[in-house]
Amino acid sequence: MLKDGEKGVIRQRGKENITYAIAPHLPCGVVKPIQLRKLADVAEKYEVAELKITSAARIAIIGIPEDDVDGVWKDLDMDPGFATGLCVRSIKVCPGIEYCRLGLQDSLKMGMKLDHTYHGMVLPSKMKMGVSGCKVQCAENCIKDISLYGTQKGWTVQIGGNGSARPRLADILVEDLSFEAAEEMVGKVVDYYRENSKRERVGRMVDRLGLDTIKKALLG
Ligand code: SF4
């Protein structure tokens, strides 16, 4: 039996005839027609009945028997998404200025940069990020550990949101940053979290240390 994360799988329900889901990494949920075709072709080849679009904007092939896992990955020729474990799991991103008429900042460009740097980075607990092009926050910033949204004046950085059984809404850390300064601030938050977390989510760390303490440390 494979463990979660081993060979990029997520184990599904059941004790007998165990099957697995796999979800390739699709940075920011952007997918090309050729990738979609390949996912469908591989699913058909292995007689998988359904695919599931996940909350992290991935496309999971579900119901794969263990014996087929290696073959599915080989045929897909894609990297696995980090769907489990203590790491940066997903960077959820809205269409932003590129495609949405309400967009004020380039969320896709920011999201791709963050994905490149942080996706899969090992941390004291799991982390989710979100990037939205305006304060409507379609990437669900309010329940992301670290998130950014765009305004006329630049980027607002929020910290400490999470869903889960004990949900918490994010707090605003700093506003009106340039693209580069916002990207740098995410790095500072990640470093601070790595040094100060007691294996808790960012929101629990904020509750324990206090937002003002963290602001003082990060903003001076
Ligand atoms: S957050 Fe704003 S820019 Fe992004 S999709 Fe929603 S409305 Fe459009």
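For the structure given in this document, a descriptive report is provided here. The model shown is predicted, which means the values in this text are computed figures rather than measured ones. (Residues numbered from 1 in each chain as written. Predicted model: local features only at pLDDT ≥ 70, side-chain atom pairs only at ≥ 80, totals over all residues.)

### Description of unusual backbone geometry
- Although it is not a glycine, lysine 7 adopts a positive phi angle of roughly 55°.
- With respect to the secondary-structure elements, lysine 7 resides in the segment before strand 1 (9–11).
- Lysine 7 gets classed as partly exposed once you count the C-beta atoms within 10 Å, which come to 14.
- Even without being glycine, serine 164 reaches a positive phi, approximately 70°.
- Structurally, the position occupied by serine 164 is in the loop between strand 8 (154–159) and strand 9 (171–177).
- Since 10 C-beta atoms lie within 10 Å of it, serine 164 is described here as exposed. (Helix = DSSP H or I, 4+ residues; strand = E, 2+ residues; numbered from the N terminus. Buried ≥ 20, exposed ≤ 12 C-beta atoms within 10 Å, placed from the backbone.)

### A word on the packing of helix 1 (residues 33–45) against helix 2 (residues 66–76)
- Where helix 1 meets helix 2, the axes come as close as 10 Å, and the angle between the chain directions of the two elements is 150°. As summarised for this structure, helix 1 and helix 2 are arranged roughly antiparallel, according to the angle between their axes. Between helix 1 and helix 2 the crossing geometry is right-handed. Residue-level contacts link Lys38, Val42 and Lys45 of helix 1 to Val72, Asp75 and Leu76 of helix 2. (Axes fitted to C-alpha atoms, helices over the stretch in contact; angles between N-to-C directions. Parallel < 35°, antiparallel > 145°, perpendicular 65-115°, else oblique. Left-handed = near helix turned anticlockwise from the far one by under 90°. Contact = placed C-beta atoms within 7 Å.)

### Considering the sheet that holds strand 2 (residues 19–22)
- Pairing is antiparallel across the open sheet formed by 4 strands, whose spatial order is 1-2-4-3. Looking at which strands have only one partner, the edges of the open sheet turn out to be strand 1 and strand 3 (51–53). Looking at each pair of strands side by side, their axes are set apart by 30° on average, direction ignored.
- Two strands pair when backbone bridges link them, and strand 2 and strand 4 (residues 59–65) are joined in this way by 3 bridges, in the antiparallel orientation. Bridge pairing links tyrosine 20 to isoleucine 64 in strand 4.
- The sheet strands contacting helix 2 are strand 1, strand 2 and strand 4, and the helix crosses strand 4 at an angle near 140°. (Pairing = 2+ DSSP bridges.)

### Regarding the nonpolar core
- Grouped together as the largest cluster of nonpolar side chains are 32 residues, with contacts concentrated most on Val131, Val157 and Val186.
- Of all the secondary structure elements, the ones that give two or more residues to this core are strand 5 (88–93), helix 4 (107–118), strand 6 (127–132), strand 7 (146–151), strand 8, strand 9, helix 5 (179–196) and helix 6 (202–209).
- When residues of this core are assigned to their parent elements, the largest contribution, 6 residues, is made by helix 5.
- If we skip the residues at most four places from it in the chain, valine 131 touches Ile91, Val93, Ser107, Met110, Gly111, Leu114, Ala139, Ser147 and Leu148.
- Residues Ala21, Ala23, Ala43 and Ile61 belong to the second largest nonpolar core, which totals 15 residues. (Core = buried A, V, L, I, M, F, W, Y, C linked by C-beta atoms within 7 Å.)

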